[in-house]
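These are the residues of each chain, in order.
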Protein chains: 8
Amino acid sequence: MEQNELRQMLRDVADGKCDIESAMLKLKEAPVEDLGFAKIDHHRALRQGMAEVIYGAGKTPEQITKIAEAMKSHGQKTILITRMSEEAAAFMEANSTLKPEYDRISHIGIVGEIPQANGKGTIVVATGGTSDVSVAEEAAKTAECYGNRVVRLYDVGVAGIHRLLAHQDEIMSARCIIAIAGMEGALASVIGGLADCPVIAVPTSVGYGANFGGLSALLSMLNSCASGVSVVNIDNGFGAGYIASMINHQ
Amino acid sequence: MEQNELRQMLRDVADGKCDIESAMLKLKEAPVEDLGFAKIDHHRALRQGMAEVIYGAGKTPEQITKIAEAMKSHGQKTILITRMSEEAAAFMEANSTLKPEYDRISHIGIVGEIPQANGKGTIVVATGGTSDVSVAEEAAKTAECYGNRVVRLYDVGVAGIHRLLAHQDEIMSARCIIAIAGMEGALASVIGGLADCPVIAVPTSVGYGANFGGLSALLSMLNSCASGVSVVNIDNGFGAGYIASMINHQ
Amino acid sequence: MEQNELRQMLRDVADGKCDIESAMLKLKEAPVEDLGFAKIDHHRALRQGMAEVIYGAGKTPEQITKIAEAMKSHGQKTILITRMSEEAAAFMEANSTLKPEYDRISHIGIVGEIPQANGKGTIVVATGGTSDVSVAEEAAKTAECYGNRVVRLYDVGVAGIHRLLAHQDEIMSARCIIAIAGMEGALASVIGGLADCPVIAVPTSVGYGANFGGLSALLSMLNSCASGVSVVNIDNGFGAGYIASMINHQ
Amino acid sequence: MEQNELRQMLRDVADGKCDIESAMLKLKEAPVEDLGFAKIDHHRALRQGMAEVIYGAGKTPEQITKIAEAMKSHGQKTILITRMSEEAAAFMEANSTLKPEYDRISHIGIVGEIPQANGKGTIVVATGGTSDVSVAEEAAKTAECYGNRVVRLYDVGVAGIHRLLAHQDEIMSARCIIAIAGMEGALASVIGGLADCPVIAVPTSVGYGANFGGLSALLSMLNSCASGVSVVNIDNGFGAGYIASMINHQ
Amino acid sequence: MEQNELRQMLRDVADGKCDIESAMLKLKEAPVEDLGFAKIDHHRALRQGMAEVIYGAGKTPEQITKIAEAMKSHGQKTILITRMSEEAAAFMEANSTLKPEYDRISHIGIVGEIPQANGKGTIVVATGGTSDVSVAEEAAKTAECYGNRVVRLYDVGVAGIHRLLAHQDEIMSARCIIAIAGMEGALASVIGGLADCPVIAVPTSVGYGANFGGLSALLSMLNSCASGVSVVNIDNGFGAGYIASMINHQ
Amino acid sequence: MEQNELRQMLRDVADGKCDIESAMLKLKEAPVEDLGFAKIDHHRALRQGMAEVIYGAGKTPEQITKIAEAMKSHGQKTILITRMSEEAAAFMEANSTLKPEYDRISHIGIVGEIPQANGKGTIVVATGGTSDVSVAEEAAKTAECYGNRVVRLYDVGVAGIHRLLAHQDEIMSARCIIAIAGMEGALASVIGGLADCPVIAVPTSVGYGANFGGLSALLSMLNSCASGVSVVNIDNGFGAGYIASMINHQ
Amino acid sequence: MEQNELRQMLRDVADGKCDIESAMLKLKEAPVEDLGFAKIDHHRALRQGMAEVIYGAGKTPEQITKIAEAMKSHGQKTILITRMSEEAAAFMEANSTLKPEYDRISHIGIVGEIPQANGKGTIVVATGGTSDVSVAEEAAKTAECYGNRVVRLYDVGVAGIHRLLAHQDEIMSARCIIAIAGMEGALASVIGGLADCPVIAVPTSVGYGANFGGLSALLSMLNSCASGVSVVNIDNGFGAGYIASMINHQ
Amino acid sequence: MEQNELRQMLRDVADGKCDIESAMLKLKEAPVEDLGFAKIDHHRALRQGMAEVIYGAGKTPEQITKIAEAMKSHGQKTILITRMSEEAAAFMEANSTLKPEYDRISHIGIVGEIPQANGKGTIVVATGGTSDVSVAEEAAKTAECYGNRVVRLYDVGVAGIHRLLAHQDEIMSARCIIAIAGMEGALASVIGGLADCPVIAVPTSVGYGANFGGLSALLSMLNSCASGVSVVNIDNGFGAGYIASMINHQ
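The shown structure was predicted, so the numbers you read here are calculated from the model rather than taken from an experiment. (Residues numbered from 1 in each chain as written. Chains lettered and ligands numbered in written order. Predicted model: local features only at pLDDT ≥ 70, side-chain atom pairs only at ≥ 80, totals over all residues. Heavy atoms only, no water.)

(A) Structural view of the packing of helix H10 (residues 215-222) of chain F against helix H10 (residues 215-222) of chain G. At a minimum axis distance of 8 Å, the contact between H10 of chain F and H10 of chain G shows a crossing angle of 125°. By the angle between their directions, the pair H10 of chain F and H10 of chain G is classed as oblique. Judged by the twist between their axes, the crossing of H10 of chain F over H10 of chain G is left-handed. Of the residues in H10 of chain G, those in contact with Leu215, Ser216, Leu219 and Ser220 of chain F of H10 of chain F are Leu215, Ser216, Leu219 and Ser220 of chain G. Looking at the contact of H10 of chain F with H10 of chain G residue by residue, the classes come out as 4 nonpolar, 4 polar and no charged. (Axes fitted to C-alpha atoms, helices over the stretch in contact; angles between N-to-C directions. Helix = DSSP H or I, 4+ residues; strand = E, 2+ residues; numbered from the N terminus. Parallel < 35°, antiparallel > 145°, perpendicular 65-115°, else oblique. Left-handed = near helix turned anticlockwise from the far one by under 90°. Contact = heavy atoms within 4.5 Å. Nonpolar A, V, L, I, M, F, W, Y, C, P; charged D, E, K, R; others polar.)

Shown next as structure tokens:
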């Protein structure tokens with residue numbers, strides 16, 4: 001319940017328009033729909049400005065479909081489903097009136113229209129290598145779903161620094177940059193040194209050996225000597241896209 | 001060298017105003033002053049919009065003083081020195097015309113005036129406990145040095161959730177929140193769920209045992225189930241303050 | 001052998017009712033049945049008040065069935081089998097007179113009746129997300145098997161703190177709470193701060209990246225700033241249910 | 001604010017005894033005293049049944065003294081200060097009317113009287129070795145402060161199993177056991193197999209080499225093959241004593 | 001080349017019975033047969049008293065068969081093949097005159113006769129649980145292959161200490177004990193405290209969660225507070241059997 | 001752009017042969033071909049003396065084929081593809097005019113001719129065991145592709161030191177040695193102590209248990225007490241072969 | 001109580017020579033003296049053949065002295081005190097009739113006579129470098145205290161393999177070898193390949209950087225490709241000396 | 001003993017010029033001087049081309065002085081002492097005819113003359129920051145001691161990429177580059193991508209928090225996406241200088 005609603009309700013209690021037990025109930029009540037296996041927060045867009053998404057990993061196709069339908073029935077226009085398996089996409093296609101657009105590279109499913117870009121500037125999504133593209137597309141598509149223009153700079157890793165420097169214009173004019181890299185993760189530091197906007201670093205699990213599942217890139221990015229760099233979880237393209245959108249809409 | 005300067009110099013070459021070897025030199029030259037032990041980037045404010053700071057750890061009092069003087073002589077108005085030891089502050093006080101304001105809690109020294117706050121909104125700095133205040137003050141003072149209004153919410157850890165919920169107004173109206181916590185680092189997730197602006201999470205090394213020098217809070221924050229949370233290095237109050245200022249000035 | 005039995009046996013030796021070598025034997029003998037691959041402790045219920053369970057992981061369907069039959073033939077009324085594969089359940093169904101009730105979500109098989117709830121209060125089982133439900137059901141079913149009333153609060157993670165606060169009544173009136181969460185595992189701290197009973201925290205391996213197989217939630221819970229929280233192994237729903245039952249029966 | 005207080009306040013609003021803005025204020029207000037560097041939760045005893053303690057590590061002697069005085073002035077009878085340095089104890093002795101009893105082994109300071117033991121049974125505190133006694137005394141004194149009878153069994157590590165078996169009586173008759181051990185931490189499993197009550201395991205940082213600051217004992221205890229064992233943070237004697245008291249008072 | 005052979009060869013050079021280049025050659029030559037992918041050390045039995053075994057993991061069925069045939073043709077009577085896949089055993093059966101005895105539990109193949117036990121005493125192989133039996137059989141069969149009497153004590157983990165104490169006789173009369181356990185690995189410490197002979201501890205990867213692939217048992221055993229315990233690699237039953245045989249034959 | 005090209009271009013600008021915007025473009029332009037998913041650096045041979053290779057892991061057969069074709073069309077004579085799957089090799093064979101030589105052991109595909117050896121000396125590739133041969137062949141074939149003579153010494157691990165000492169001649173006469181070992185990785189130290197040339201150590205993931213995916217060999221090699229040893233990533237045979245070739249061509 | 005004593009006591013009960021409650025008492029009684037902070041196991045020599053030692057770390061000078069005096073008064077002839085600080089040695093010297101021989105390198109104190117060597121062969125103690133000597137002397141002196149002849153081979157690390165090979169005679173004729181090394185810990189594998197007796201490997205914390213406090217040597221030794229090598233904790237010279245003595249006395 | 005010496009000695013045996021036992025002795029003898037605590041390898045320069053150095057850490061001032069004197073008396077002209085404390089330098093100055101040049105930044109002491117540079121090219125030593133200079137000087141001085149010209153590029157970290165690009169000439173013309181960096185260690189990758197010579201990467205322990213004592217830079221460098229980069233231990237400036245010299249003298 002928002003501040004204004006609270007104040008109004010208290011006025012209603014004072015005026016006798018609202019009895020005490022109803023007020024009790026409302027004060028306890030959260031705008032949450034309980035599906036048993038999940039509690040959907042329908043007021044999140046109100047409270048946080050961005051509608052809830054469905055994190056598909058660890059959920060059955062049935063659960064994903066039910067949650068999406070509940071969201072739809074509450075009026076959510078664009079439903080973003082991340083980490084969605086091909087099976088889940090096929091299940092929803094076959095068993096629901098909701099028809100998701102499914103992207104095999106990013107494992108993202110989208111129900112409804114992607115809104116017009118209304119962010120204030122451009123979000124650059126850069127990757128160190130070709131293998132990071134799956135995470136990059138999760139970030140880029142998330143940002144697009146939330147109404148942002150996205151510029152993709154893929155395979156601009158620091159071992160060939162000229163590939164990156166060739167794109168200094170895009171970097172200098174971005175409002176937020178998402179730097180995605182596995183292996184040694186140095187991309188974030190170099191971009192952080194070139195850019196004048198916040199850089200969201202996404203370590204990826206791309207690599208082998210002493211990469212330890214993305215740990216090397218993660219530590220590298222956390223220890224970045226460039227100011228302006230903050231980090232999200234390994235492979236968390238969604239999180240980076242979400243934050244970038246927040247920044248681009250302020 | 002900026003784009004415009006590059007274009008002008010090329011015109012000068014075309015016009016014969018600038019000879020080829022001078023152009024060669026300028027194209028190689030970086031706007032960097034070399035003190036031997038350090039290379040100071042005087043164009044950083046131009047390029048990135050925020051002047052360079054001095055990271056005091058691992059530098060001798062003499063080195064810090066020389067770097068500060070070089071910055072001063074290039075016209076930098078406010079010089080922020082982080083991780084400054086009391087010895088270094090005393091040395092500069094005694095041996096230089098620069099007289100730093102030194103804060104024992106945050107280990108921050110400031111030479112020159114703190115500018116008027118010109119950020120667009122408020123930055124909230126929240127901590128889980130009393131022991132996190134040293135890191136919090138590094139963040140808060142950094143933000144203030146870069147021209148931001150800061151609201152401090154200290155000791156609002158999640159084990160007493162009501163202490164945090166009592167400040168929902170400040171949280172809801174912030175433009176960026178810095179959530180600082182050691183131990184289990186849960187503060188970032190709870191704030192992330194309440195706020196509608198980016199949350200910069202700072203894990204601290206506060207704790208003992210299975211805290212492993214801040215690792216528990218770091219992992220906790222990276223795995224936050226709240227969207228909108230990104231993370232900087234353990235105890236990196238400066239980094240958080242810097243990013244928050246970037247966001248608050250866009 | 002219990003204290004009383006020991007005293008009686010010594011009396012029998014003194015009276016000549018029991019010869020020395022028999023006494024020797026009894027003093028060495030443990031109330032353990034040896035199946036070769038396993039030694040079953042039939043006196044455990046006597047000694048510890050709660051009958052032995054079968055931990056199904058790493059045992060063949062044949063071994064599980066033989067152990068269950070040995071327990072049955074010693075009079076155990078309810079036999080709980082955890083981490084039971086569907087194959088093992090099918091094998092026992094087909095090859096034994098024992099017909100287990102098998103639950104696909106928790107991988108628990110139960111032979112015999114679930115006893116009437118005789119615990120003194122209520123055990124709350126709460127999870128941070130939908131993906132933690134498998135572990136939660138292992139905890140809940142274990143507690144029910146040992147005679148406890150269980151209240152389930154699923155998907156009440158801290159990123160939407162209102163979902164949890166809406167259930168403060170159940171939390172305040174529980175006799176023991178099992179808090180189950182993956183990712184950052186902050187649920188335990190928040191519940192620990194709200195409740196006035198012991199909280200058993202179960203980290204789960206739900207998550208990805210810097211979650212490192214449940215390590216982030218584990219460390220988070222061990223470092224909880226809330227008093228009253230103790231922790232069991234990652235995904236150890238059984239252990240939590242067992243301890244909660246102990247506490248609820250004192 | 002408790003449920004009953006909430007209901008009464010709403011009645012007062014309805015009756016006009018309480019105006020709206022006052023109600024607004026109370027609904028936001030938490031029963032928390034703000035000392036700037038710390039927020040003291042004076043209603044914790046009401047809410048959780050056990051008064052707040054002062055965790056001394058990372059706080060200055062002045063801060064500890066001020067918090068203790070604030071608690072005293074709100075009527076708290078026994079104030080427990082853990083991880084208190086000798087300096088802090090001497091400071092409080094010299095600068096406050098509060099005169100703490102200070103114990104050099106456990107680093108615990110107590111202001112006020114230790115209450116009569118009113119727990120339902122006995123809490124056993126057992127250690128693997130002599131070096132674990134500091135942690136053990138933190139646990140034992142905490143339990144005594146909260147009104148429990150404590151039996152100490154020190155230096156009963158599993159490498160001399162007969163030393164432990166000689167105390168089976170105490171183990172069998174306890175209502176809760178705290179098993180404290182460094183090195184390999186096996187004590188918890190052996191006691192867990194002998195006892196019929198909850199065992200709280202406390203790994204200690206006692207040891208060297210591959211002990212890694214208590215990690216070996218911590219992992220050992222988390223992986224205990226005995227049911228009924230839960231674990232707290234390395235060296236967290238206070239936490240164990242607190243939980244044991246909770247269990248002993250139900 | 002042995003000391004005596006060296007002395008004799010030098011005498012032959014002095015006597016002119018051996019020319020210089022032949023001596024050069026012999027001094028360089030190692031008693032090693034080179035199969036390209038492997039170099040077999042046929043003098044190992046001479047040098048170390050125990051013939052070389054074939055470690056099957058990471059070798060193709062063809063490679064294993066060729067190495068075994070080379071050993072056979074050099075007169076090795078018993079050929080022990082560890083970590084042998086069922087495929088490799090079937091391949092050798094089908095494609096070679098060597099017919100291995102293959103054991104599915106321990107993944108051990110044996111070509112030739114198991115020799116008479118000629119060790120001086122008994123080797124006890126004890127396990128904490130049923131799931132450790134695979135490693136235990138690797139240890140036991142290795143010891144038997146090298147001529148030792150083996151007593152097996154399976155499923156005597158410390159959570160039911162009476163199961164272990166019932167076998168104190170075998171433990172007290174052993175010449176070497178192999179203690180095998182996963183999870184918390186406490187078995188080694190308890191046996192180490194009971195026995196008066198060397199204990200070889202084998203951590204196993206049995207367990208889940210904070211077991212981290214055997215790390216918990218490994219650290220536990222390395223930190224054993226019992227003297228007389230040394231440790232081999234996780235799941236290294238062969239190594240333990242080999243060392244135990246060395247000790248039993250001195 | 002090379003130094004000479006830059007100077008020439010500036011002369012052309014001065015002479016009016018090149019207009020300013022064209023110069024602008026060239027100064028920004030990198031000699032990089034953009035395939036969308038990858039940016040190929042065709043000037044690498046010019047800049048670094050060794051042509052770019054294709055790292056096959058994480059690329060689709062289509063992507064590998066397209067990159068190889070782009071390289072071919074730019075005149076690259078030998079194209080080395082590492083970590084190439086059998087599927088990718090078959091795909092290229094079937095769908096392209098490029099017909100790679102594919103080696104199943106090293107997972108290396110080669111398009112074009114292997115050049116004549118033109119390095120100054122010999123590169124020795126040594127392994128500790130038979131299971132390291134896959135990595136060794138990646139190193140050896142890489143070195144051969146870049147024009148080096150390679151001597152292979154396989155299965156000369158330190159547990160049979162005489163096998164290694166028998167090859168002291170090859171070791172003493174090499175210009176660079178690649179020491180490849182899993183398990184304890186001691187081979188690098190022993191060779192480092194015998195050789196008078198740089199030793200590139202390659203830890204492998206061969207092993208089990210406390211090997212932790214190659215970590216034990218990696219740490220061992222990094223801590224080598226022999227001077228002259230440097231280390232590449234676990235299983236990185238390509239990297240070692242590349243560096244050895246650099247050294248052998250100076 | 002030993003088997004024979006048990007049988008006799010039961011006969012006495014049967015004969016009425018011993019009453020039941022006395023028998024009860026004896027059956028419960030352990031041969032353990034309780035000093036409050038420590039429980040001394042005076043029957044250890046009987047049960048395990050080797051008298052108990054005092055591990056000095058974490059004990060006060062007073063505690064060490066009291067334990068030593070208790071041992072002395074029970075007739076123990078040689079009392080070994082490991083990890084003894086200079087302070088503790090000086091305290092005992094000044095405050096007790098016991099006058100320890102104290103060695104500053106190994107931090108070992110010995111009260112009483114070192115017995116005649118009565119082991120069956122020789123124990124070799126070898127170190128990789130000069131810095132490992134402190135741990136080596138702990139091992140060597142422990143072995144001497146338990147009646148063993150010790151041969152010291154210090155600074156024979158594998159980076160100069162000839163230094164080690166020069167001592168093959170001592171290695172070949174030992175009955176047990178203790179191999180002590182920090183850094184990469186390869187010494188154990190090379191000695192393991194040369195020797196025909198058990199090798200006890202002791203990793204040391206000597207080194208820096210990626211040594212991680214001895215972890216590199218520890219993992220290296222656990223992964224030794226040489227059979228016959230088992231490992232004790234980092235820096236655990238005492239444990240190695242103890243086991244070597246066990247082996248040398250069988 | 002070298003090959004030629006061996007052949008000659010055998011001829012002497014054949015001619016009767018050398019008796020058998022003398023030959024025996026020589027064949028066993030290593031060119032190693034035994035100081036008890038250390039074994040000095042005087043033939044190392046012969047065998048490996050570079051004289052032995054003294055690693056000062058963990059050695060007493062007396063030991064360092066004795067080793068240096070033994071080297072001097074065997075004719076070694078330049079004696080390099082790394083990790084030398086100021087105390088050790090002062091001790092040698094006061095107590096020996098050897099007068100070391102001591103450098104406080106690199107902790108290097110040099111006895112004798114630094115030789116003329118006779119390497120074939122230039123070695124570049126580059127650091128990411130000012131705090132890495134101590135390690136850099138260890139590398140640079142080591143290289144100079146072994147006869148190399150060194151170019152120092154300090155504080156050219158990747159967060160200000162222009163500082164590095166300004167020195168592309170030195171990088172392109174080097175024969176070997178030592179890239180030294182703490183924090184995220186990205187310098188090695190960027191230099192590796194620019195240079196056409198081997199790059200030796202040295203991670204430093206400079207940093208804090210998730211740097212974990214240099215682990216972040218170490219992993220980053222091991223995972224470098226640039227070919228041509230190999231890595232030595234954290235802070236191992238000496239090792240890097242030694243290898244660079246090897247490469248520069250081939």
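(B) Fine view of the packing of aromatic side chains. Counted by the stated rule, this structure contains 24 aromatic pairs over all chains. Residues Tyr146 of chain A and Tyr242 of chain A carry aromatic rings whose centres are separated by 5.5 Å and whose planes lie at 90° to one another, so their mutual orientation is edge-to-face. Of this pair, Tyr146 of chain A sits in the loop between helix H6 (133-145) and strand E8 (149-153) while Tyr242 of chain A sits in helix H11 (residues 237-249), placing them 96 residues apart in sequence. On the basis of relative accessibility, which here comes to 1%, the residue Tyr242 of chain A falls in the buried class. Aromatic ring contacts, followed pair by pair, group Tyr146, Phe238 and Tyr242 of chain A into a single cluster. In this arrangement the basic side chain of Arg83 of chain D is found over the ring face of Tyr208 of chain B, its NZ or CZ atom lying 4.1 Å from the centre. (Phe/Tyr/Trp six-rings, centres within 6.5 Å; stacked < 30°, edge-to-face > 60°. Buried < 20%, exposed > 50% of the residue type's maximum accessible area, 1.4 Å probe, protein only. Lys NZ or Arg CZ within 6 Å of the ring centre and 35° of its normal.)

(C) Structural detail: the interface of chain D and chain C. Taken together, the contact pairs 30 residues of chain D with 30 residues of chain C. The contact between chain D and chain C buries some 2,600 Å² in all, and 52% of this surface belongs to carbon and sulfur atoms. On inspection of chain D and its partner chain C, the count reaches 0 salt bridges. Listing elements by their share of the side of chain D that touches chain C, those giving two or more residues are helix H3 (44-48), helix H8 (168-173), helix H9 (187-194), helix H10 (215-222), strand E11 (229-231) and helix H11 (237-249) of chain D. Per-element tally for the side of chain D that touches chain C: the top contributor is H11 of chain D, with 5 residues. (Buried area = accessible area lost by both parts, 1.4 Å probe. Salt bridge = Lys/Arg side-chain N within 4 Å of Asp/Glu carboxyl O.)

(D) Looking closely at the nonpolar core. Ile161 of chain A, Ile161 of chain D, Ile161 of chain E together with Ile161 of chain F are the most contacted members of the largest nonpolar core, which totals 268 residues. Contact partners of Ile161 of chain E, with chain neighbours within four places excluded, come to Ile161, Leu165, Val190 and Leu194 of chain D together with Val190 of chain E. (Core = buried A, V, L, I, M, F, W, Y, C linked by side-chain atoms within 4.5 Å.)

(E) A look at the relation of the copies chain D and chain C. Structural alignment of chain D on chain C gives an RMSD of 0.1 Å, achieved by rotating through 180° and translating 0.0 Å along the axis. Put plainly, the chains are arranged around a two-fold axis. Ranked by how close their C-alpha atoms come to the rotation axis, the residues of chain D are headed by Val231 of chain D, at 2.4 Å. (Least-squares fit on C-alpha atoms with pLDDT ≥ 70 in both.)

By themselves, these observations are geometric and do not establish any function.
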